[in-house]
Amino acid sequence: MVKSSKVSVIWLNYNSMGFIDIALKSLKSLAELDYPNYEVIIIDNHSTDESFRYIKRYAEKKNFKIYRTERNLGFTGGNNLGFKLRDKCSKYLALVNNDAVVYPESLEKIVEWMESESQVGAGQGVVLDPTGKIESAGCMLDELLTSHGVFRGTDASAAKKPFSVTFATGAYAVYDVRAVKEVWKGEERLFFDWGFGYFDDHVLGLQLWNSGWRCRAYPVISCVHYQSMSFKKSSPLRVYLSFRNLLLLNAITNSRYKSLVSFLALRDAFPRVMRACRSGAGRAATLALWRSLLDYVTLARKFIKANGIKLDLYKAPVIKLSPHEVITLLILRRKITEKLVKEYFKPLKQTEFS
């Protein structure tokens, strides 16, 4: 029975005082999950503000496990630690962002769907934004390695049946522990530690598909996500991670447009730098951009080439692009070209995308 399948829920915190009301609301929603067999593991990534005190006080009232690191391990390292601390009887692992407020019945419904299908390594429901529109019902990569939230901006009722996606979004995703351990050949981890952030759910999704597991999205309203509360949209850290890690993703995959991805990554980095300039962090963001390029070269040589890490992009469902569409995507702004990408999602409204 579904209710006998234990789930370990991992919840990361880092300097959340700026949105502590949302973070506490997120924890409260975990305490109120309508699922009889789960644990909550809180990892505080060495917060330097007062948020840990608030989080700890609430966690102790609810008997949640809580662990504070000696340094900020990022999204990847923090979740890897949570994975190691899980109850070894847990069949599933759920990752929930500290800015995501989950619905009580969501976990049980997602697990029920995962157990009704075969070889599902990752599952998720429909993630809403604060306005009640869909933020994502799973994510798809295209051949330029750009990610797209399925049904983004549409009504919550748009997703009516299960379908396959490239990867489950990290805001609220459920993973089969067996699948994760198979991906890592028994190692106690979810992600590459050195990814830190923005190099996690993309890669794990591709790893699952390359190992014979599937990533699925289900017609379950799962949570409301107050996006990018920890990683501010114009922060130098986000500039650094998004540019460096897209280059790393390109290095380990085999898109037929591989040579164009670096150009696209650089083009998309400049708007983030300009936003940082407007917020007074322009110099730091510019330095972060250059440092990300240098660190990419080091990581590509030290980890990727040395260990022969390669993932076949085409073992996963991806949005295939014609040469004409690629030229359009490279020239026009993304907001304009999102209209083009939405054409790929239309079939999902009538039939299952398998």
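Residues numbered from 1 in each chain as written. Predicted model: local features only at pLDDT ≥ 70, side-chain atom pairs only at ≥ 80, totals over all residues. Heavy atoms only, no water.

Looking only at helices and strands, the chain has 11 helices and 12 strands in total. Burial statistics for the chain: of 354 residues in total, 55% are counted as buried. Put simply, of all contacts in the chain between residues at least 6 apart along the chain, 79% involve residues at least 24 apart. Total accessible area on the chain stands at roughly 15800 Å², and carbon and sulfur atoms take up 55% of it. (Helix = DSSP H or I, 4+ residues; strand = E, 2+ residues; numbered from the N terminus. Buried < 20%, exposed > 50% of the residue type's maximum accessible area, 1.4 Å probe, protein only. Contact = heavy atoms within 4.5 Å. Areas by Shrake-Rupley, 256 points an atom, 1.4 Å probe, with all protein chains shown as cover.)

In regular strands, side chains alternate between the two faces of the sheet. In this structure, strand β2 (residues 38–44) lies alongside strand β3 (residues 65–68), joined through 4 bridges in parallel fashion. Bridge pairing links Asp 44 to Arg 68 in β3. Handedness of the crossover is the feature at issue here: the chain leaves β2, passes through helix α2 (residues 51–62), returns alongside β3, and the resulting connection is right-handed. (Pairing = 2+ DSSP bridges. Right-handed = clockwise from strand over helix to strand, strands pointing away.)

Before going further, it helps to examine the packing of aromatic side chains. A full pass over the atoms with the stated rule returns 6 aromatic pairs. Residues Trp 113 and Tyr 218 carry aromatic rings whose centres are separated by 5.4 Å and whose planes lie at 15 degrees to one another, so their mutual orientation is stacked. Within this pair, whereas Trp 113 is found in helix α4 (residues 106–116), its partner Tyr 218 is found in strand β12 (residues 214–225), the two being separated by 105 residues in sequence. For Trp 113, a relative accessible area of 30% puts it in the partly exposed group. When the centroid spacing of 4.9 Å and the interplanar angle of 35 degrees are considered together, the rings of Phe 192 and Trp 194 count as tilted. Residue Phe 192 shares its accessibility class with Trp 194, and that shared class is buried. Put simply, the rings of Trp 184, Phe 192 and Trp 194 touch in pairs and so form one group of aromatic residues. One cation-aromatic arrangement involves Arg 86 over Phe 83; the distance from NZ or CZ to the ring centre is 4.0 Å. We note Arg 291 situated over the ring of Tyr 240; from NZ or CZ to the ring centre the distance is 4.2 Å. (Phe/Tyr/Trp six-rings, centres within 6.5 Å; stacked < 30°, edge-to-face > 60°. Lys NZ or Arg CZ within 6 Å of the ring centre and 35° of its normal.)

Counting through the fold element by element, Ser 4 comes out in the segment before β1 (7–13). On the basis of relative accessible area, Ser 4 is assigned to the exposed category, the value being 54%.

Once that is clear, we can look at the packing of helix α1 (residues 20–31) against α2. Geometrically, a packed helix pair is captured by the angle between its two axes and the distance between the axes. The interhelical angle for the contact between α1 and α2, taken along N-to-C directions, is 15 degrees, at an axis separation of 11 Å. Comparing the axis directions of α1 and α2 gives the class roughly parallel. Here α1 runs over α2; the crossing is right-handed. Between α1 and α2, the contacting residues are Ile 20, Ala 23, Leu 24, Leu 27, Lys 28 and Ala 31 on the first element and Ser 51, Tyr 54, Ile 55, Tyr 58 and Lys 62 on the second. (Axes fitted to C-alpha atoms, helices over the stretch in contact; angles between N-to-C directions. Parallel < 35°, antiparallel > 145°, perpendicular 65-115°, else oblique. Left-handed = near helix turned anticlockwise from the far one by under 90°.)

Attention now goes to α2. Along an α-helix, residues three or four positions apart point the same way, because every turn accommodates 3.6 residues. A rise of 1.5 Å per residue sets the reference length of α2, with its 12 residues, at 16 Å; its end C-alpha atoms lie 17 Å apart and thus fit the reference within 8%. Here α2 has its buried residues at Ser 51, Phe 52, Ile 55, Tyr 58 and Ala 59. With its buried residues spanning 135 degrees around the axis, α2 presents them on a single face. Where α2 is buried, its residues touch β1, α1, β2 and β3. (Expected span 1.5 Å × (residues − 1). Arc of directions from axis to C-beta.)

Before going further, it helps to examine unusual backbone geometry. Of note, Asn 63 is a non-glycine position whose phi angle comes to about 60 degrees, a positive value. Positionally, Asn 63 belongs in the loop between α2 and β3. Non-glycine residue Gln 119 carries a positive phi angle of around 55 degrees. Structurally, Gln 119 is set in the loop between α4 and β6 (120–128).

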